[in-house]
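The lines below spell out each chain.
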Amino acid sequence: MTRTLLLFLPLSVLFACKDAPEPTDSAVDPFSAEVLPAGAHPSAAFMSVGGTGPDDVWVAGADPGTGGLALHWDGSQWTTLANASLYDLWWVHAFDADSVMFAGAGATILSWDGVTLTRHKTPGLARDTVYGLWGASPDEVWAVGGWAGRWGFLWRYDGSEWQNVSLPDDMPLDANGELPALLKVWGRAKDDVYVVGGNGTILHYDGSSWSVVESGTTARLFTVTGNAEQIAVTGGDSSGVLLLGDAAKGFTDATPPGAPVLQGLSFEDGGALWVTGADAAIFRREGGEWTYIPNDEETPPESLHGAWHDGESLWAVGGAVLTGSLSEGVIWRTDKPTELFVAEEIETPAASCPEGYADPVPDGSIAHRWNEQMINSIRRDLPRPGVHARNLFHVSAAMWDAWAAYDEVADGLLTSEKLTSDDVEGDREIAISYAAYRVLTHRYAAANGGATSTACYDDFMGVLGLDPTDTHTDGEDPVALGNRVAEAIIDHYADDGANEHDNYKDTTGWTSPNPPIVVDDPGVGALVDPNEWTLLNIALAETQNGIVLDSGLQGYICPTWGLVEPFSIAGPPETMSPAQDERRRDGGVGDGRRA
C-alpha cells in the first residue's frame, strides 16, 4: 500500500508516542514527500542501509534462519547475497558496487567483491557484536562493537589484518565501572573519524590518536554521521537525543521536540538532515527547523533503525529492533516507487516419521519397541534429565499395568484390573500399545520435535494394525484397557510436583550465589561458593543433541525436582540428613546443586 505522507510545518509541540504534532504557523514552505514500501520480512529486521547512489543500495538485516540478510538494489531489482554466516548483520558500508563490507554478531565482518561474501578473521570472540564500521578506503577501515551493552571495542583494518586498538584512558564508564559498548563509527576522512556508544560516549580520531569528546549526556548514542559543516549524533534511552557539532566546536542539543529514541541518520547533499527512530518516527531538519513526517500505518514498525539518503530519496529500514526480537522488518523509500523485496516463503513440510524410525526393532518385544519410540523422542527434545526420567518411568508403569491386567498374580502400580482373554499375548500387545501411545503423545506432542515423534507413534500404530484415533475407555477389550491405564497414569501424576502443566517451570525461585562464568574469558570469576552450581554465560551454545540455543545464561535444570513425588523410594533415604532433606524439599535434590 502506498502511504502519502505530508511533512508538516516546523514543530512547536511535543511528539508523544505515535501521535503527530500539530502544525503551527510559519513562513517556511511545507516540505512534502511520498513514503513508499520497498521491502518487508516477517522473520527478520533490517538494521542498516547504505550505498553509493540510487542504483547501488545495500541493506543489512538479521538472520531469519538462513544466514544474516545482505540485500542489493541495482535500480531495478533486489538481489539477496548468499551468506553462510548464521549471524545477524548490523551494518553495511559500501565503497563501490564491487567493494562492500558488512558487520554483525559473532564478531562477524564480511567483504563483498562483486561475486562472493568472504568472512574476515577478526580479534573478537563469538559473544562480540560488531555494530558499525566505516572506512576511508577498503584498506583503512574502523569497526566498533561490544557485548551485552558493555565491553566496547575498537578495531582497525589495514587491508590485510584486523587489529584491536586501545581506547582512551578517560573513556566514560557505566554505572558498574565497565566500558560501554561502542555502537557506530563514521568519518569525514582518515584523519577525522568519530565513534559513539553507551553512556554518552563520543570519541574522535585526528589521524594519530583517539580522544574523548564531551557529549553533555549520559544517554546511549546509537549513530553518527556528518558532512563538511557538522557532525550529527543520535541516541536516547527513554526519549530521543540528537547532538550537532564537532570535536573542535563541541556538541549542542538539537533534539526534535518530544522525539522518541532516535537511531537512523543521513544528510542530503544540500545539507538537510534526516533522522529516524522508535515508532517509525521520521524527522527532517532544514534551515534550523524540524518537521515531523507522520505515518498512517495501523501497526507501524517498532523502530526505523537505519537511514540513508541516496541523493534523490531517503531509505529507512527497521522492524522490531528495540525489543530485540529482530523481526517484522521493513524497508521504506521516499518519492520513488521500488519493486518490493519480499522474503521467500519457506514451506514447512508436514511432519513425517524419518525412514526406519517407525519400528526400529521389529523383532523386539512390544515393550522394547515402544521404548525405542520414547528414546527417539528424548533425542529430539531438549536435554531435560528430570523430565525424561519421569516420562521413562511413567511409560514403563503404563506398560506394566497393561501387562499385569492379564496376569493372575502380578499387581499393577496404579490399576488393579484383571481381565481374561483367549489370546493373552495378542491382547497384551494391544493394551500395552494403547497405554504407551497415550502417555507418550500426552508428554511429547508439544515437546521439541513433537510433531515428528507423534508421526512416528502413529506410523508404529499402523505397523501394529491399530487405530490411534480409537480413544474409547468403556468395556473389557484391550483397547479400552490400554486407554484407561494411560488415563490413570496421566491423571495421577498431573500434580506430582513436577509442574508439568506449566512445562516444568521452576517454582522454587532458586538462584546460585555465584556470578556467571563467561566461557569466552579465562578463569572462573569471583566465586562466592565453589561448591555450589555456577551459571555459564555462553556466546553460542548447542545442546548435547545438536539443538542450537539462544546465546546467554544457561539455566539450572529442574530445581523443582526435589519436590517431585518419588517413584523408587517412599521418602528421603535413611542416609539423608534432616538438613539435606530440607534442602531437597526447598527445591534441590539432596546435594544436586553442588558442583
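Provided above is the structure to which this section pertains.
Residues numbered from 1 in each chain as written. Predicted model: local features only at pLDDT ≥ 70, side-chain atom pairs only at ≥ 80, totals over all residues. Heavy atoms only, no water.

Enquirer: It is not clear to me how the overall build of the chain should be interpreted in this structure. Could you clarify?
Expert: Within the chain, the secondary structure is distributed over six helices and 35 strands. With 595 residues in all, the chain has 51% of them scored as buried. Counting contacts in the chain only where the partners sit at least 6 residues apart, residues at least 24 apart contribute 52% of the total. As displayed, the chain offers around 27,200 Å² of accessible surface, 50% of which is attributable to carbon and sulfur atoms. (Helix = DSSP H or I, 4+ residues; strand = E, 2+ residues; numbered from the N terminus. Buried < 20%, exposed > 50% of the residue type's maximum accessible area, 1.4 Å probe, protein only. Contact = heavy atoms within 4.5 Å. Areas by Shrake-Rupley, 256 points an atom, 1.4 Å probe, with all protein chains shown as cover.)

Enquirer: Before we go on, may I ask you to explain the pattern of salt bridges in this structure?
Expert: Side-chain pairing between opposite charges can occur once the charged atoms of the two side chains come close. If you walk through the whole model with that rule in mind, you get 18 salt bridges. For the salt bridge of Glu500 with Arg443, the shortest nitrogen-to-oxygen distance reads 3.4 Å. Of this pair, Glu500 sits in the loop between helix H5 (478-492) and strand S31 (517-518) while Arg443 is found in helix H3 (residues 424-444), placing the two residues 57 residues apart along the sequence. For the pair Glu500 and Arg443, a shared accessibility class is recorded, and that class is buried. What emerges from the salt-bridge pattern is a single network uniting Arg390, Arg443, Asp496 and Glu500. (Salt bridge = Lys/Arg side-chain N within 4 Å of Asp/Glu carboxyl O.)

Enquirer: Would you mind showing me how to read the state of the cysteines here?
Expert: In a disulfide, the sulfur atoms of two cysteines are held together by a covalent bond. Per the counting criterion, the structure on display carries one disulfide. A sulfur-sulfur distance of 2.0 Å marks the disulfide that ties Cys353 to Cys456. When the S-S torsion is 95°, as for the bridge of Cys353 with Cys456, the disulfide is right-handed. Of this pair, Cys353 sits in the loop between strand S30 (341-342) and helix H1 (366-380) while Cys456 is found in helix H4 (residues 450-463), placing the two residues 103 residues apart along the sequence. (Disulfide = S-S within 2.5 Å.)

Enquirer: Teacher, can you tell me more about unusual backbone geometry here?
Expert: Excluding glycine, most residues fall at negative phi; most peptide bonds, likewise, are trans. Backbone geometry places Ala107, a non-glycine residue, at a positive phi of 55°. The class of Ala107 is buried, set by a relative accessible area of 2%. Not every positive phi belongs to a glycine, and Trp151 is a case in point at roughly 55°. Here Trp151 shows up in strand S13 (residues 150-157). By relative accessible area, which is 25% here, Trp151 ends up partly exposed.

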